[in-house]
Structures are given as C-alpha cells and as structure tokens.
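A look at the structure
Given next are the chains, with one letter for each unit.
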There are 4 protein chains.
Amino acid sequence: MSAPKATKRAAPTTSIATHTNDDIYIRDKSLCSELIGKLSFTEMIVFQMLGRMPSAAETAMIDACLVTLMEHGLTPSALATRLIYSSAPEAMQAGVAAGLMGVGSVFVGTMEGNAQLLLEIVEDPAGIEAAATRVAQEHRAARKPLPGFGHHLHKPDDPRPIRLFQLAEEHGQSGTYIAALKALSAAIDAVYGKHITINATGAIAAVLMDCGVPAEILRGFALITRCAGLVGHVREEQEKPSMRTIWETSEAAIPYDGTVPGA
Amino acid sequence: MSAPKATKRAAPTTSIATHTNDDIYIRDKSLCSELIGKLSFTEMIVFQMLGRMPSAAETAMIDACLVTLMEHGLTPSALATRLIYSSAPEAMQAGVAAGLMGVGSVFVGTMEGNAQLLLEIVEDPAGIEAAATRVAQEHRAARKPLPGFGHHLHKPDDPRPIRLFQLAEEHGQSGTYIAALKALSAAIDAVYGKHITINATGAIAAVLMDCGVPAEILRGFALITRCAGLVGHVREEQEKPSMRTIWETSEAAIPYDGTVPGA
Amino acid sequence: MSAPKATKRAAPTTSIATHTNDDIYIRDKSLCSELIGKLSFTEMIVFQMLGRMPSAAETAMIDACLVTLMEHGLTPSALATRLIYSSAPEAMQAGVAAGLMGVGSVFVGTMEGNAQLLLEIVEDPAGIEAAATRVAQEHRAARKPLPGFGHHLHKPDDPRPIRLFQLAEEHGQSGTYIAALKALSAAIDAVYGKHITINATGAIAAVLMDCGVPAEILRGFALITRCAGLVGHVREEQEKPSMRTIWETSEAAIPYDGTVPGA
Amino acid sequence: MSAPKATKRAAPTTSIATHTNDDIYIRDKSLCSELIGKLSFTEMIVFQMLGRMPSAAETAMIDACLVTLMEHGLTPSALATRLIYSSAPEAMQAGVAAGLMGVGSVFVGTMEGNAQLLLEIVEDPAGIEAAATRVAQEHRAARKPLPGFGHHLHKPDDPRPIRLFQLAEEHGQSGTYIAALKALSAAIDAVYGKHITINATGAIAAVLMDCGVPAEILRGFALITRCAGLVGHVREEQEKPSMRTIWETSEAAIPYDGTVPGA
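Every value quoted in this text rests on a predicted model; they were computed, and no experiment measured them.

The full count for this structure, using the stated rule, is six aromatic pairs over all chains. Both rings, one in B:Trp247 and one in C:Phe107, keep their centres 5.7 Å apart while their planes meet at 85 degrees; by these two values the pair is edge-to-face. Of this pair, B:Trp247 sits in helix H12 (residues 243-253) while C:Phe107 is found in the loop between helix H5 (92-100) and helix H6 (109-122), placing the two residues in two different chains. Taking the relative accessible area as the measure of exposure, B:Trp247 reaches 0% and is therefore buried. Considering the side-chain rings of C:Phe41 and D:Phe41, the 5.4 Å spacing of their centres and the 10 degrees angle between planes classify their relative orientation as stacked. Placement of C:Phe41 in helix H2 (residues 41-50) and of D:Phe41 in helix H2 (residues 41-50) is noted, with the two residues assigned to different chains. Judged by relative accessible area, which is 0%, C:Phe41 ranks as buried. Over the ring of A:Tyr192 we find A:Arg140; its NZ or CZ atom is 5.5 Å from the centre of that ring.

Take a look at the structure:
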C-alpha cells in the first residue's frame, strides 16, 4: 500500500532537537552548557515534552506524582516484564517494553477518563458545583463507572490523594482541576448516598492538569515512571529470578479441562 | 511445555513493595509518609532499583546522565515511536514501547561494552595504567571496535563527556571508573597514534558506575530516560503529525527493484 | 497494588494444551500422531484458535485472506520493524513485535468497524436490504466514516474484494456476511449517489465471518499474517539494510524549526 | 544524533512489493491473479520471505514444523500475552507482541545454536562423522551446553523429532542437515556414554535448513507460528479470563521479604 498523497497537508517540522559539530540543541538550548548539570531529570522531562521550564512548585508536584505511580508490586505489568526478561535476557529493552504495554485502559485509562470529566466540569458555564452534581447524577442514572473513584482495598480513603492534595496546598498548586475533582467527590457522595474514595489515578490527573499538562499526554507520565518501576523489577529478577515460579504457579492454577486418551 | 521442576531452586521473594489497607510500602518505607513529597523522581528511581538512597552528589550526577541521554532527535527509535503511535493512537503505550525496543546493541550496547573494559581495567592487579595500555594494544592488534570511543560527528571531542567529567569533579564524584576511562583514553591515543574521542555512552557508563550502579543494569537508565524522550516525540506527533511524511519519504528512497509486467 | 479478590469469579481453566511424558495434546488431539504431518499451518491455526477443524472450503478462503493481507510494501509497520531490527539485531523478536504494534485502529480497525456494521445488518429483523439502506443513510446524515469502504488508490474498485468474492462463490462459501456487505455496498452507492469501492479489509471481515470466525478475534488473523510479512522484511533487511536510509531521509524531510544561537 | 553519512553505502532497494492502480505485485507476481486463491498461507510465507516457491515436499515439511512449534501451553510467552491483553484489551496487537518478545535466547535460541553446529559439521572437510565426533568431544571437554539436545520431560526421546524425521523420509526431504544432526546425536551418545535426546528445536533447525531456509532467519518461523499460538491464547482469554488468577497466584508465590512497621 502506498502512502496516500495529501497535498493539503503541511510538511511537518520538529521543534525538539538539532545539533551542530560542537553541541546538541534541545528546544534551542545547548545540551552541554544550558541543560546538563543545570536541570533535574524531572525538569528535563517537562522541558522536552512541553517546551517550557516548570516552576519549582510544579516540579515538586510532578515529582510527587511520578513517585506515587512508579511502583505497585507484582502487577500484571511487572509479571510480564519478569517473564519476558528471563526468556530473553539479552534484550532488556524487550522485557521492559512488554510490561509497559500493560499501561492501557484497564489500569491507567481511568486517569484519562477522569481528566475528561474534569474538563467537562471546568468548562461548564453553570459553574463547578452545578456541573459536578450533574455529572454525578448522569453517571448514577446510566449506571456508568466513575473513572478516578473507588478502590477495592483502600477504604474509606485511598491515602495517596490525601497526601497529594496536601502537598498541592503547601506548594500553592491546588488549582481549578483539583477544585473540580473535590467538587465531583462531594457530589458523588451526595448523589450515591455513600462515600466513594478518590483514587490515585484520579488525583494525579487533577494534579498534573493543574501543572499545565494537557489531558492527551497524561498517560505519558504514567509510562515514564512505570518504565522506571519495571527496570527495578528487572534488577530484582537478575538477583532473585522468579520466572519459573510464575510459570509453574500459573500452570497449576489454570488446569487443562480437556480429556487426554488413556490418561 | 511444562515448567521444568527444579527442587534445588530456592523460592523467590520480592523486596520491592507490599501494602496494607492504609498504605503502600516500598522497600519498607511508607509511600505516603516517607516518599511522596520527600523524594525527587531521580532519588526514587535509585531507591526503587538499588534499594538505597543516593547521596546529593550521586543524585546530581545521575540527573546529569539522564538529561544527557534523553533526546537525540529523529533517531530510529523516535521514528518507530511516531510510526506506531500514529498507526494506533488508542495505545500510546505501544508506540512508546516500539521505540524503546531500539535501545539495543547498536546504539546503547556500547555503554555495556565500555563497562566491561572498565571492570577489566579496574580489577587488573597490574594497575590502571598498565591495564589500560594492554587493553588498547589488544584491541588494536585484533582490530576490534572500541566501545565507548569514537563519534562520527563530534570531532575532535564529543562535548558531553567533557561536561560530565567536569561536573563529577565539582561534586566529588570522579572515582575509579572515570579514572580508568581517562587512562584508557590516554592509552588509546598513544597506541593508535591519533586522538579518538570518548563518546557520551562511554562517559555515562563510567559516571554511573562511580555512583555505584552495577554494570548489568546500566541499560536500565538508558531505557528510563529514552522512555521520557519518546513521550516527548508522541506529544509532538499529536500536534505535528509526521507519520505520513516518514512513510512517503522512505517509500520514495527505497525503490522497488523488480519488474512489473506491462509497467 | 494487590490483585482484587473476586470470590464470585470462577477459577479459569484452559482447553488449549497439556502434555504427558510421551506426547503433547492440543485440544485433546495428539500433536505427534494426529496433528504433525496431518494438518496444514492454516488448518492448525483454526484448530488452535477456534477448537474445531475447518472444512476444505473454509481453509481455502482463510488461506486467501491470509495471502491477501500479508504484505503491503514499506508501510509504517514494515518501516518500524526495519528500524528496530537494525538497532537490535540480536533480538529479531523485538523488531517484529515493534511492527506488529502498528496493527491498530488506523489501518486494521476498519475491519472491525465493518464487522460491527455487518452484524447490525444481519441481525436486523427488517431484513438485509432495509437494514443496509438504513445504515448507509445514518452514516451519510452523521457524516461518519464508512469502515470497509473507500481506497485512496484503487479506483473505481479495489481488485482484492472482487477476487475474494469470486473465490467464495467457487468454494460455496459466499454466505450471510458477504451478502450483507454486498447489500451495504449497493445501498451506499445509492444513498451517496456515487460508487465507493469495498476495500480489502471490509471484504476480509465478511469472508472470515462467513467461515465462522467471531468478530472479536478478526484482528488476530491480521496479526498472524502481518507477522509473516514482517519476517520477510527482516530477511530483506539482513540482505539489503535500509535503516540508515530511512533515518537520513526522514531527518531531512522533517526539519528543525527552532533557532540555534550562532547558527 | 544525526544519521552518520556513509557515502560508500549503496542505496537500498526493495524486492518485496509494489503496486499500480489496478493491482499489487509481490516479487513481480500479481497478488490478485497469481497469488490469492493459488497459494496456501505456508507457500505464501516462503514466497514472501525467500522469493521462491517451495516444492510440495518442502511445503509439507514446513507445515509440519509450523504445526510442531505453534503451541506449548501456558508458557512465559502465553502468560505475558494474557496479562497484557487483559490490561489493554483495546490493543490486541500489544498483547500478542508482548508474548512474542519471549521468543529469545532461552527458549528458541537453541534452534540457532544447533544450526551453527550443523553448519560447522556439514562444512568440515573431515566429513560428517568425524566432524560430529569432534564437536561432541569439544563440548564435553569444555562442559558447554549442547543446543538442540536434551529435554527435561521427554525421556528417553522427545517424540517430535522422531515424527519429523519420519515425515522427512516420506517426502524425500531428509537431506544433509538432518544427516548431520543424526550423526551428531550418535556421536554425543558415544562421547557422553549415555543417550541424550534430540529435542524439537534441534530437529526443526535441521528440517528447515534441508528446505533451504538460511540459518539467520530460522527464528522468523518460530515467530510466525508462535504469533498464531498467542492469538489462540487471546481468544481463550476473551472467553475464560485468567489475568487476575495469574496475578493473585504469582503474588502469593513470591512473598514480600521486608518488614513493615507495625505489621
């Protein structure tokens, strides 16, 4: 199949990087004289992704979000990384990539679903409280899931949102989206007649959006920090291999339900 | 195929994470009260991966390495990420994972090859200078490539190692492995009779090893920061799509060399 | 995060494979005495995936679909495979996996979108013609894209559906779904007042569904045959490396739009 | 980083596919009039990959190899596919790709290691028997693993090689490489003083090489048929979800070995 001709399409350019014989430039800044040794990794992530330098308060909040999301134990992602790394240890990148592909709709998609609700609430001319109540009522009526709310284990409250909101207050970073999320939480408790906790992915959506991160790239932050978490699992797999235990245990837990002649 | 029985194998455990109803614990520290808001992302990466808190000087050097490696322009990895992201935008994780898989022997493997040379030099009872000369002579005699040395563009010197070594001096982090790399560089210039630059991957291997990072997990740092770089390319692809340009241009540059009847 | 407890959930089993000391059994058949040497690869694919042996006519049609979809030239998927394979040739699996991840909504999703339309038409109590007209009218009114219809190059008709439908006739495999697709095509031409070709992915959805393939696993057939196509690109990349050409060409086609001081 | 200039490098071309407005051409044959409906999937795989049509006997043997390697139960690859598919069901391609990345050195690398031994034996001017004895003696003396030999479960003999060699005889496809493998097997039994079975990957290396498949693309056949096997696991995961069982079971089998304050 050939690439479709699209004469109306503008030729794309890149604003990210270029180089000369003497240096590399990232978004017009010299890598060697303006970035290395001047920026933390977190600041560089924001600069690379959004093309602007974060404030100290934004960096503190983004650090907090990245620390919160990095590690969740032996999740499906971590198990996939361990299984694939120990099957092909010559290609560590493939083991990490395998686990990273589990950052999809089931676990992290709720961050994006919550972001959509927050955008809808913030942009509603009726105001945040009225919009939050309407959203809660619509979800209850349609029996739709509430992305960013509920946790099977942490009840009545997930401790991570509490900590993140407290930090945001301290850093003067509690803005419109955190306000919208808190209003939605209050509306949900009222409409459903019971307390449903804000969970970590819901809180992180609001915190990052209050740092100016666009909704459509939120998942990217989850990918960066989960990548670091998965490298930690690779390191542990190098020292304490678990692949054969995962294999044997899973095989035993999911028995064959057919019939073998003579068996 | 069933998992091979291995009765002699010890049952594996994990030291990374656990949780209670009230909190998550990572390496015995409370996520909510001891980590979120207390650690930068870089400190958390080291804590997760190596199980110990880095010193301020180590954090500064690891930040510098991560900033150095994040972005290299429209590399094969970045192109793969853009091609796959724009083919399946519903799965950003797959686009990032596709590019991450390019972090293999050709581009980043030199970091690990260089680390092996440094380990060999540091452990040689003959001393660093003698060992460096021997390694240089052996490589010249066998016409073997010198991992961590040479750059097709940055001549006579890659500016990144110079900057990293200067920072290491400032932070009191210029240790055995940087010393070994400098000795090897001097030996190579003498043995080959010309100056061959230390390149960025070579320098980063030495800097990270002087921060206590084991050689076998070095590639993990490249994966973490390239992941962030690739998320930046996803963000730009969302705003300035390039997939069809890469497709059309490549198709035109790699013509069909067969014969079509009637054409 | 711990796995949520779900006491109501039934323990899963597998019906795919087991083994004894003497043989492997796949869906209760002996691999060595009943499958190897008795089944073609295509028959084995159906047996593995659906748990039943296809008829000769079904095998012929599935072969035709797999042959049709295998290769499309230097597509984004093939380019990603070549870029990643040549960056990490020690991990051929990663190069193939990178390209495979391009089998997503933009290129193959139309097969699944078309399948949904066909299911809707077939299940409509109003009958196929009335349902097809309704679907065409609804899409026109809402200016919605028509999955399975249209091709930027092959006009007035994509030659692949014509060939596939002719083969289905010959093998007595032209059933309900092909009928629904033809009815939809006629309705579209009438409603839109112009001829819009059925494309290859649309035709393949109908052909595979007439072979009894459930709509939700259709993409799996695309994955299997694209995997084979991508292995062909790896083989050509081994003999005629193209990675650096793709890289240089793309870099030149997507210029840096920033300003470098002094440049 | 810019693509290195390489003026001596020939501009690459492709021999795989092109198209006109009326048809697609694969290796100079019309997709619609010469391939669809004329070739089985297996024949098309060989034609795409090697640029020549296989004989009927070669097709039979390649079918047998693909059938043999497709499915091995709940292996690390299949578990990774199930974990990732159920984490991101909107991206089936990512689930399949995750499992495919487990086709690396640990499980399939033995096919390639065995192929190297066979090439060495066949090319030895001393003749196959003498070369086989030398290879066996060298491996014993160096205590090196014997790729393609040994199986933890199937003793004294893996039933799959027996079946494949018998089929090769029937089809007149038992050539130099199968002869070399049998000679090596006899030499190993003599040198080690005990019977060590040829295993499935060893046999398949020899069978495919006797069909003219180059050693460096052998892994590609494993990738194609494992891809089909993994799609079968996706289909079963759609009907009988196992992700949470794998997760819970593995978490219980790999306990946290740290200490939580107050726990």
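Let's pick the thread back up.
This paragraph deals with the relation of the copies chain A and chain B. Between chain A and chain B, which share one sequence, the superposing operator has a rotation angle of 180 degrees and an axial displacement of 0.0 Å; the RMSD is 0.0 Å. Taken together, the rotation and translation relating the two chain copies correspond to the operation of a two-fold axis. Across chain A, the smallest distance between a C-alpha and the rotation axis is recorded for A:Ala97, namely 2.4 Å. A share of 100% of the interface residues of chain A reappears at the interface of chain B, consistent with the copies meeting face to face through the same patch.

Once chain C is rotated about the relating axis by 180 degrees and shifted along it by 0.0 Å, it coincides with chain D to within an RMSD of 0.0 Å. Counting the interface residues of chain C, we find that 100% of their copies in chain D are interface residues as well, pointing to one common contact surface.

With 88 residues of chain C at the interface, the matching set in chain D holds 88 residues. Between chain C and chain D, the buried area comes to about 7,500 Å², and carbon and sulfur atoms account for 67% of it. Linking chain C with chain D are two salt bridges. Salt-bridge contacts for D:Arg235 lead to C:Glu216; the nearest nitrogen and oxygen are separated by 3.5 Å.

What follows concerns the side chain of D:Arg160. In this fold, D:Arg160 is placed in helix H8 (residues 159-170). On the accessibility criterion, D:Arg160 (5% relative accessible area) is buried. With residues up to four places along the chain from it excluded, the contact list for D:Arg160 reads C:Ile24, C:Leu31, C:Cys32, C:Ile36, D:Thr68, D:His72, D:His151, D:His154 and D:Ala200.

What follows deals with the confidence of the model for chain A. Summing up the model confidence of chain A, the mean pLDDT is 94 and the portion of residues at 70 or higher is 95%. Across the predicted assembly, pTM comes out at 0.96 and ipTM at 0.95.

With that settled, consider the packing of helix H4 (residues 76-87) of chain A against helix H4 (residues 76-87) of chain D. Relative orientation of the contacting elements H4(A) and H4(D) amounts to 155 degrees, with a least axis distance of 9 Å. In terms of their interaxial angle, H4(A) and H4(D) are classed as roughly antiparallel. Along this stretch, H4(A) crosses H4(D), giving a crossing that reads as left-handed. Residues A:Pro76, A:Leu79, A:Ala80, A:Leu83, A:Ile84 and A:Ser87 of H4(A) pack against D:Pro76, D:Leu79, D:Ala80, D:Leu83, D:Ile84 and D:Ser87 of H4(D). Class assignment for the residues of the contact of H4(A) with H4(D) results in 10 nonpolar, two polar and no charged.

Residues and elements named next belong to chain C. This model, assessed by the stated rule, comprises 45 salt bridges over all chains. With its nearest N and O atoms 2.8 Å apart, the salt bridge here joins Glu-236 to Arg-82. Residue Glu-236 is found in helix H11 (residues 218-239), and its partner Arg-82 is found in helix H4 (residues 76-87); the two are separated by 154 residues along the sequence. Judged by relative accessible area, which is 4%, Glu-236 ranks as buried.

It is at 7 Å that the axes of H2(C) and H2(D) come closest, and there the two elements cross at 120 degrees. Between H2(C) and H2(D), the contacting residues are C:Phe41, C:Thr42 and C:Ile45 on the first element and D:Phe41, D:Thr42 and D:Ile45 on the second. Looking at side-chain class alone, the contact of H2(C) with H2(D) contains four nonpolar, two polar and no charged residues.

Looking now at the interface of chain A and chain B. Contact residues are listed per partner, giving 88 residues for chain A and 88 residues for chain B. In total, chain A and chain B occlude about 7,500 Å² of area from one another, counting both sides; carbon and sulfur atoms represent 67% of this. The interface formed by chain A and chain B includes two salt bridges. Seen at the junction of chain A and chain B, the total is 22 residue pairs in polar contact (both at pLDDT 80 or more). In terms of residue count, helix H11 (residues 218-239) of chain A provides more of the side of chain A that touches chain B than any other element does, 15 residues in total.

It is worth spelling out the domain arrangement of chain A at this point. All names here are of chain A. The assigned domain composition of chain A is domain 1 (14-53) and domain 2 (55-241). Computed from C-alpha coordinates alone, the two centres of domain 1 and domain 2 are separated by 28 Å. Of all residues in domain 1, Thr-42, Met-49 and Arg-52 give up the largest surface area on contact with domain 2, accounting jointly for 52% of the area buried on that side. Summed over the shared surface of domain 1 and domain 2, the result is one salt bridge. When the shortest N-O distance is used, the salt bridge between Arg-52 and Glu-58 registers 3.0 Å. The interface formed by domain 1 and domain 2 contains three residue pairs in polar contact (both at pLDDT 80 or more). By residue class, the composition of the side of domain 1 that touches domain 2 is five nonpolar, two polar and two charged.

On to the sheet that holds strand E3 (residues 29-30) of chain A, then. Residues and elements named next belong to chain A. Strand order in this open sheet of three strands is E1-E2-E3, and the pairing throughout is antiparallel. Across the chains shown, the open sheet's two edge strands, defined by having one partner strand only, are strand E1 (17-19) and E3. In the sheet, strand E2 (residues 24-26) pairs with E3 via two bridges, with the strands oriented antiparallel. From the neighbouring strand, Tyr-25 faces E3, where its bridge partner is Ser-30.

All names here are of chain C. Judged by pairing direction, the sheet is antiparallel, and its three strands sit side by side in the order E1-E2-E3 without closing on themselves. A single partner strand is all that each edge strand has here, and the edge strands are strand E1 (17-19) and strand E3 (29-30). Taken together, the three bridges between E1 and strand E2 (residues 24-26) define a ladder with antiparallel strand orientation. Within the sheet, the bridge partner assigned to His-19 lies in E2 and is Ile-24.

Assignment of secondary structure puts C:Asp23 in the loop between E1 and E2. Despite being buried, C:Asp23 has no salt bridge partner; D:Arg160 is the closest side chain of opposite charge, sitting 7.1 Å away. Within the local environment of C:Asp23, its side chain forms a polar contact with the side chain of C:Ser30, the two groups lying 2.4 Å apart. Filtering out sequence-adjacent residues up to four positions away, C:Asp23 remains in contact with C:Ser30, C:Leu31, C:Cys32, C:Ser33, D:His154 and D:Pro159.

Residue and element names in this part refer to chain D. Taking 1.5 Å per residue, 14 residues should reach 20 Å; helix H6 (residues 109-122) reaches 20 Å between its end C-alpha atoms and fits that length. Turning to H6, its buried residues are Gly-109, Met-111, Asn-114, Ala-115, Leu-117, Leu-118, Leu-119 and Ile-121. For H6, the secondary structure elements touched by its buried residues are helix H3 (56-69), helix H7 (128-142), helix H9 (176-192), helix H10 (200-210) and helix H11 (218-239).

Once that is clear, we can look at helix H8 (residues 159-170) of chain C. For H8(C), with 12 residues, the first-to-last C-alpha span of 17 Å sits near the 16 Å given by 1.5 Å per residue. Buried residues of H8(C): C:Pro159, C:Arg160, C:Pro161, C:Arg163, C:Leu164, C:Phe165, C:Leu167 and C:Ala168, and no others. Where the residues of H8(C) are buried, they touch helix H3 (56-69), helix H9 (176-192) and helix H10 (200-210) of chain C together with strand E2 (24-26) and helix H1 (31-35) of chain D. In the segment just after H8(C), C:Gly172 is the residue with positive phi, at about 65 degrees.

Rules used in this analysis
Residues numbered from 1 in each chain as written. Chains lettered and ligands numbered in written order. Predicted model: local features only at pLDDT ≥ 70, side-chain atom pairs only at ≥ 80, totals over all residues. Heavy atoms only, no water. Phe/Tyr/Trp six-rings, centres within 6.5 Å; stacked < 30°, edge-to-face > 60°. Helix = DSSP H or I, 4+ residues; strand = E, 2+ residues; numbered from the N terminus. Buried < 20%, exposed > 50% of the residue type's maximum accessible area, 1.4 Å probe, protein only. Lys NZ or Arg CZ within 6 Å of the ring centre and 35° of its normal. Least-squares fit on C-alpha atoms with pLDDT ≥ 70 in both. Contact = heavy atoms within 4.5 Å. Buried area = accessible area lost by both parts, 1.4 Å probe. Salt bridge = Lys/Arg side-chain N within 4 Å of Asp/Glu carboxyl O. pLDDT = per-residue confidence, 0-100. Axes fitted to C-alpha atoms, helices over the stretch in contact; angles between N-to-C directions. Parallel < 35°, antiparallel > 145°, perpendicular 65-115°, else oblique. Left-handed = near helix turned anticlockwise from the far one by under 90°. Nonpolar A, V, L, I, M, F, W, Y, C, P; charged D, E, K, R; others polar. Polar contact = N/O pair within 3.5 Å; in protein donor to acceptor, adjacent residues only side chain to side chain. Domains from an automatic or database assignment. Pairing = 2+ DSSP bridges. Lys, Arg positive; Asp, Glu negative; His and termini not counted. Expected span 1.5 Å × (residues − 1).

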